Amino acid sequence: MGNLSASLHGRDLLSSADLTRAEYEQVFATATELKREFRESRRHVAQPLAGRNVALVLEKQSLRTRVTFEAGLNQLGGHALPLGEGIGFGVRESVFDIARNLALWIDGIVIRTFDHSVVTELAAEARIPVFNALTDDEHPFQALADLLALREHFGSLEGRVLTFIGDGNNVYHSLALAGATLGMEIRLAHPDGYGPHEAIVARAEKIAIATGGKIVVGRDPREMTPGSDALYADVWVSMGQEEQSHARFAAFAGYCVDSGLLDLAGPNAVAMHCLPAHRGQEITADVLDGPRSLALEQAENRLHVQKAFLVESIGR
Ligand code: CP
């Protein structure tokens, strides 16, 4: 394990705007080292999370987040405590009381929930780090994994153009904030009525002014795509939006990453998807499963960036 960053010790990760460019580089460096070691031997000699216990509070379904946090903690000597839905966040007991109790016993809290204010309240009350594993507003560990995959593929991030096709959702928000911090151009093509939060776009634009990055928001995928290094697809109907399915299917009909759109981006452009995917809806099977897809690299990196952040924040 290389040098850890003092600035990340004890830190939450609630938003992709929480990290400076140097801190992103630090997490990428630690993740790259952990990934190399894991690929070589499927185990780590150093156990920087030995004795560390982290609660997993996942109030929505998950494959990647659940398995990568649990396995990642175990691989580094730590222990995951899945709390399940029975905890009754804000129902049986207030977030305030839960946070104060958990901080007495354990070292960190991973939480996937709906309203972003739940994680900010939890972080404000808990005396231990809180790690956002997806809210309605953001998915910062996904953005870390995605941008590491993009950097591994192209060798650099600054000046790269990533175009998100579809919903201006939590994944887009985190990519816009992280990409802006790293000097990228992040574009979005979204249907009317499904745009991003204006406050988050404004924040990303402000960050981009300082880094040389750029934020572009439009409607037409074919107008936004040319010159893109990556086209990013996400589901048309996210968890908790099932009752909107009919309207969303109608609105998103033209927002599919297919081989024609990928060709329009450029000969070296790649397709990205955070998974789970619906082949034939937001992305075609030939693109998702083809040689220009980074989807599995993104999923693989979830393990490594999360381990890296845990080591930086609560490791020894
Ligand atoms: N991309 C992602 O967060 O996957 P899960 O919902 O399966 O955790």
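Structure's up top.
Residues numbered from 1 in each chain as written. Predicted model: local features only at pLDDT ≥ 70, side-chain atom pairs only at ≥ 80, totals over all residues. Heavy atoms only, no water.

Sorry, what's going on with the environment of Gly266 here?
Checked against the element boundaries, Gly266 lands in the loop between α10 (259-265) and β9 (270-273). Separated by 38 residues in sequence, Gly266 and Ser228 place their C-alpha atoms 6.9 Å apart. (Helix = DSSP H or I, 4+ residues; strand = E, 2+ residues; numbered from the N terminus.)

Got a minute to help me understand the packing of aromatic side chains in this structure?
How two aromatic rings sit relative to each other is given by the distance of their centres and the angle of their planes. Counted under the stated rule, the structure contains 11 aromatic pairs. Ring centres of Tyr24 and Phe28 lie 6.2 Å apart, and the angle between their planes is 45°; this geometry places the pair in the tilted category. Here the residue Tyr24 and the residue Phe28 both occupy positions in helix α1 (residues 21-41), the gap between them amounting to 4 residues, near one helical turn. Each ring, one from Phe69 and one from Phe141, has its centre 5.4 Å from the other, and the planes form 90°; the classification is edge-to-face. Of this pair, Phe69 sits in helix α2 (residues 64-75) while Phe141 sits in helix α5 (residues 140-154), and the two are 72 residues apart along the sequence. Taken individually, Phe69 and Phe141 each receive the classification buried, so the pair is uniform in this respect. Taken together, the ring pairs connect Tyr194, Trp236, Phe249, Phe252 and Tyr255 into an aromatic cluster. Seen from the ring of Phe38, Lys307 lies directly overhead, with NZ or CZ sitting 4.5 Å from the centre. (Phe/Tyr/Trp six-rings, centres within 6.5 Å; stacked < 30°, edge-to-face > 60°. Buried < 20%, exposed > 50% of the residue type's maximum accessible area, 1.4 Å probe, protein only. Lys NZ or Arg CZ within 6 Å of the ring centre and 35° of its normal.)

Explain the site of the ligand here, please?
Around the ligand sit Ser62, Leu63, Arg64, Thr65, Arg112, His139, Gln142, Cys274, Leu275 and Arg302, and that is every residue in its neighbourhood. Contact between the ligand and Ser62: an oxygen atom at 2.7 Å from a side-chain N or O atom of the residue. Within the complex, the protein chains bury 95% of what would otherwise be the 260 Å² of accessible surface of the ligand. Taken together, the residues that form the shell around the ligand break down as 3 nonpolar, 4 polar and 3 charged. (Near = heavy atom within 4 Å. Polar contact = N/O pair within 3.5 Å; in protein donor to acceptor, adjacent residues only side chain to side chain. Areas by Shrake-Rupley, 256 points an atom, 1.4 Å probe, with all protein chains shown as cover. Nonpolar A, V, L, I, M, F, W, Y, C, P; charged D, E, K, R; others polar.)

Honestly, helix α4 (residues 116-125) in this entry has me stumped. Any pointers?
An α-helical turn contains 3.6 residues, so a residue and the one three or four places further along point in the same direction. Inspection of α4 places His116, Val118, Val119, Leu122 and Ala123 among the buried residues, and these make up the whole buried set. When α4 is viewed along its axis, its buried side chains cluster within an angular range of 160° and face the same direction. Contacts from the buried residues of α4 go to α3 (95-105), β3 (108-112) and β4 (130-132). Two or three places before Ser117, at the opening of α4, Asp115 has a side-chain oxygen 3.0 Å from that residue's backbone nitrogen. (Arc of directions from axis to C-beta. Contact = heavy atoms within 4.5 Å.)

Can you walk me through the layout of surface pockets in this structure?
To find leftover empty space, a probe the size of one water molecule is rolled over the atoms. Size it by volume and the largest pocket reaches roughly 740 Å³. In terms of lining residues, the largest pocket is bounded by 37 residues, among which Leu134, Asn170, Val235, Ser238 and Met239 are the most central. For the lining of the largest pocket, the secondary structure elements donating two or more residues are α2, α6 (170-181) and α9 (245-251). For the lining of the largest pocket, the residue count by class is 11 nonpolar, 17 polar and 9 charged. (1 Å grid on protein atoms, 1.4 Å probe; cavity = no way out; pocket = protein on both sides within 12 Å on 5 of 7 lines; lining within 4 Å. Points joined across faces, edges and corners; volume = space filled by probe spheres on them.)

Would you take a moment to explain the sheet that holds strand β7 (residues 214-218) for this structure?
Note on sheets: strands pair through backbone hydrogen bonds, and any given pair is parallel or antiparallel. Across the sheet, which stays open at both edges, the 5 strands sit in the order β7-β6-β5-β8-β9 with parallel pairing between neighbours. In this open sheet, the two strands that pair with only one neighbour each are β7 and β9. Averaged over all adjacent pairs, the angle separating strand axes in this sheet is 20°, with direction ignored. Strand direction decides the pairing type here: strand β5 (residues 161-165) and strand β6 (residues 185-189), joined by 5 bridges, are parallel. Along β6, the bridge assignment pairs Ile165 with Ala189. Each of β5, β8 (230-233) and β9 is contacted by α5, which is oriented at about 160° to β9, the strand it contacts most. (Pairing = 2+ DSSP bridges. Axes fitted to C-alpha atoms, helices over the stretch in contact; angles between N-to-C directions.)

What's the story with the sheet that holds strand β1 (residues 53-58) in this structure? I'm lost.
Taken in spatial order, the 4 strands line up as β2-β1-β3-β4 in an open sheet, and their pairing is parallel. Two strands close off the open sheet at either side, each with one partner strand: β2 (79-82) and β4. On average, each strand axis in the sheet is tilted by 25° relative to the strand beside it, whichever way the strands run. Where β3 and β4 come together, 3 bridges link them in parallel fashion. Pairing of Ile109 across the sheet is with Val130, part of β4.

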